[in-house]
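Spelled out, the chains give:
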Amino acid sequence: VASSDLEAPPGEDPNWDVLYVARGDEVLAHRPLYTGDVFSGVAVRTTLGQEKNRPVMVIQHPCTMRNGVVLKESLLVARVHEFKVLPRDQWTTNERLMPLPDLRPEVTSNQRHQAAFFDEGYFVHPDALDLTKRIACLSEIGTYLLLQRWVFHSSRVAPPRWKIEEMNGHVYAEADLLEAWCEAATGRGVDLVQAMRDADAWLSEARDGTTRRAMLRTTSLRSRILREMRQATQELYGPPARIFPMPTAGMVGE
Amino acid sequence: MLEDMTSLGAFPSSHTRTVVQVEEQAAVPVTQPSLSMLTDQAGFVRSLVGVLQERIDDVHQQLRASLLARRAERVKETSTQLLDDLSDLGFAWRHIAMMIGVSVPAVQKWRRGENMATENFERLALLLSICDLIHDSFFVSDPAAWFEVRILPEVPLRPMDLFAAHQEALLLDWAGGNEKEAERLLDKADPQWRQHYATDFEVYEADDGELALRLKER
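Residues numbered from 1 in each chain as written. Chains lettered and ligands numbered in written order. Predicted model: local features only at pLDDT ≥ 70, side-chain atom pairs only at ≥ 80, totals over all residues. Heavy atoms only, no water.

I tried to follow the overall build of chain B on my own but got confused; where do I start?
Across its full length, chain B holds twelve helices and two strands. Reading the secondary structure of chain B in the N-to-C direction produces α-α-α-α-α-α-α-α-α-α-α-α-β-β. Within chain B, buried positions represent 41% of all 218 residues. The long-range share in chain B, meaning contacts at least 24 apart out of those at least 6 apart in sequence, stands at 55%. Here chain B displays about 12100 Å² of accessible surface, and carbon together with sulfur accounts for 53% of that area. (Helix = DSSP H or I, 4+ residues; strand = E, 2+ residues; numbered from the N terminus. Buried < 20%, exposed > 50% of the residue type's maximum accessible area, 1.4 Å probe, protein only. Contact = heavy atoms within 4.5 Å. Areas by Shrake-Rupley, 256 points an atom, 1.4 Å probe, with all protein chains shown as cover.)

In structure tokens form, the structure reads like this:
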């Protein structure tokens, strides 16, 4: 398989928003750690045994990141540093990295555009990944593009992005659900760790001979699980507090 | 409204008889049809197609009117109510963002009470009115699931992709259609879909119970 099978994000240059679900202030603390998360200032040990603080991206596959809700003791991350913007027609090359254009849109210097380098990898303990230092989370599309490039770098095989999505869609759906659960729980004063445990127990609960986690594999059941989740969080933590003003459509805003 | 839409799908009895007549004509064993007979038949079929096309246009117009009526009701809601209704249906926030054409943080800001542009408000209202329509008139019991499930199992195009591409007419065609029409619909949505989504890879369940990728057996 030639590297020309590597895909670029949909859309047109120079709009790279499709790669990210959140950057900078948009990153929510209650989103569980996931493949493609970018952190600043992570203590890593270099091959020479030196300890350095470096920005990194989690490149561990989502299926092998946790035992239940507990993160494994060693997670694979790749160093992130400045890199030029790679136009979409050049994403077929540079397979040793994941381009991160506009990673820091608030910055006007060259630091605005970066990349994660697969040949500069480290294993870190999850405690080193301080969620308050998370500066970006990839979107679903961004995550699959990362996995495609990482797989190609490791094996010289580039499965189509939509096939990677078919294989991992339920895992991303679970991460999304966990975020929604934790948002509901922490919004009503529940501790984040407890919220994760509650969510895990709820997903692992056996019903009709299977678990909700297993049911997420079936695309047509995901909406049902989301509806049940909203009901379950209300039963567990009480009804959502309406703390925000009721907005109406206006000419201002996105 | 349900009765209106049900009647839309039925052909008038005169049309039914015409179709039967054509089939009967075609069933007659003609060993060597004359040129004039073939010309007559072709002309007859052409006129029948014209009648059917008019009927299809009529159905589309009535669907559009029904959709606009539902949308008129939905735009009376606040943006927060619209988002809550979509969430209650089981739509994920990332899918709502994708269908409206904004980022997930933009949807989160709306949920926190920030104003949204009128264009986005109208798209949200349209999305919900389509959910109302397919639920009430096409008997789709779980609209959020319907939007998420692929049109053909081996092609990653979903009704939500059609909505994101502003192809609402195709969306409603699909809601009222069946699997036999899926390829025709995909031809309209993306004429190159067979090339775009040709692959030698397949997803399978590995021995550990997790999904994995492999090359298809030839």
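Would you mind showing me how to read the environment of A:Leu75 here?
Residue and element names in this part refer to chain A. Mapped onto the elements of the fold, Leu 75 is located in strand β6 (residues 75–82). It is 17 Å that separates the C-alpha atoms of Leu 75 and Arg 31, two residues lying 44 residues apart in sequence. Once you skip the residues sitting within four places of it in the chain, Leu 75 turns out to touch Leu 33, Gln 60, Met 65, Tyr 122, Phe 123, Val 124, Pro 126 and Leu 129.

I tried to follow the packing of helix α5 (residues 93–100) of chain B against helix α7 (residues 118–137) of chain B on my own but got confused; where do I start?
Two quantities define a packed helix pair, namely the angle between the axes and the distance from one axis to the other. All names here are of chain B. In contact at an axis separation of 10 Å, α5 and α7 are set at 115 degrees when each is read in the N-to-C sense. In this view, α5 runs roughly perpendicular relative to α7, as classed from their interaxial angle. Two packed elements cross with a definite hand, and for α5 against α7 that hand is right-handed. For the pair α5 and α7, the contacting residues are Ile 96, Met 99 and Ile 100 in the first and Asn 120, Arg 123, Leu 124 and Leu 127 in the second. (Axes fitted to C-alpha atoms, helices over the stretch in contact; angles between N-to-C directions. Parallel < 35°, antiparallel > 145°, perpendicular 65-115°, else oblique. Left-handed = near helix turned anticlockwise from the far one by under 90°.)

Got a minute to help me understand the pairing of β6(A) in this structure?
The two faces of the sheet receive side chains in turn, since in a regular strand these alternate between them. Residues and elements named next belong to chain A. Note: strand β3 (residues 51–58) against β6, three bridges, orientation antiparallel. For Val 58, the partnering residue across the bridge sits in β6 and is Val 77. Judged from the eight bridges that link them, β6 and strand β8 (residues 114–124) form a sheet pairing that is antiparallel. Each residue of the ladder has a partner; that of Val 77, found in β8, is Tyr 122. (Pairing = 2+ DSSP bridges.)

Honestly, the pairing of strand β2 (residues 211–215) of chain B in this entry has me stumped. Any pointers?
All names here are of chain B. With five bridges joining them, strand β1 (residues 201–205) and β2 adopt antiparallel strand pairing. For Glu 205, the partnering residue across the bridge sits in β2 and is Leu 211. Counting the residues that bridge the hairpin from β1 to β2 gives five residues, and of these Gly 209 lies at a positive phi of roughly 90 degrees.

So what exactly am I meant to see when it comes to a nonpolar patch on the surface here?
All names here are of chain B. Taken together, the side chains of Phe 44, Val 45 and Val 49 define a hydrophobic patch exposed on the protein surface, amounting to about 230 Å² of accessible area. Within the secondary structure, Val 49 is located in helix α3 (residues 35–74). You can call Val 49 partly exposed: its relative accessible area is 49%. (Patch = residues over 30% accessible without salt bridge, like charges linked within 9 Å, V, L, I, M, F, W, Y side chains within 5 Å. Salt bridge = Lys/Arg side-chain N within 4 Å of Asp/Glu carboxyl O.)

What should I look at first to understand the interface of chain B and chain A in this one?
Many analyses report the size of an interface as the accessible area lost when the parts associate. Taken residue by residue, the interface counts 51 residues in chain B and 43 residues in chain A. Both faces combined, the contact of chain B with chain A buries some 3900 Å², and carbon together with sulfur accounts for 54% of it. Counting the surface chain B buries against chain A, the share from its top three residues, B:Arg94, B:Phe201 and B:Leu211, is 15%. Its salt-bridge partner being B:Glu210, residue A:Arg217 comes within 3.9 Å of it at the nearest N-O pair. Summed over the shared surface of chain B and chain A, the result is 13 residue pairs in polar contact (both at pLDDT 80 or more). Mapped by element, the contributors of at least two residues to the side of chain B that touches chain A are α4 (79–89), α5, α6 (104–111), α7, α8 (143–148), β1 and β2 of chain B. (Buried area = accessible area lost by both parts, 1.4 Å probe. Polar contact = N/O pair within 3.5 Å; in protein donor to acceptor, adjacent residues only side chain to side chain.)

Explanation requested: the environment of A:Ala136 in the structure shown.
Residues and elements named next belong to chain A. The residue Ala 136 is located in strand β9 (residues 134–138) in this model. The class of Ala 136 is buried, set by a relative accessible area of 1%. C-alpha of Ala 136 to C-alpha of Glu 26: the two residues are 110 residues apart in sequence and 8.2 Å apart in space. Aside from chain neighbours lying at most four places away, what touches Ala 136 is Tyr 20, Ala 22, Arg 23, Val 27, Gly 36, Asp 37, Val 38 and Leu 103.

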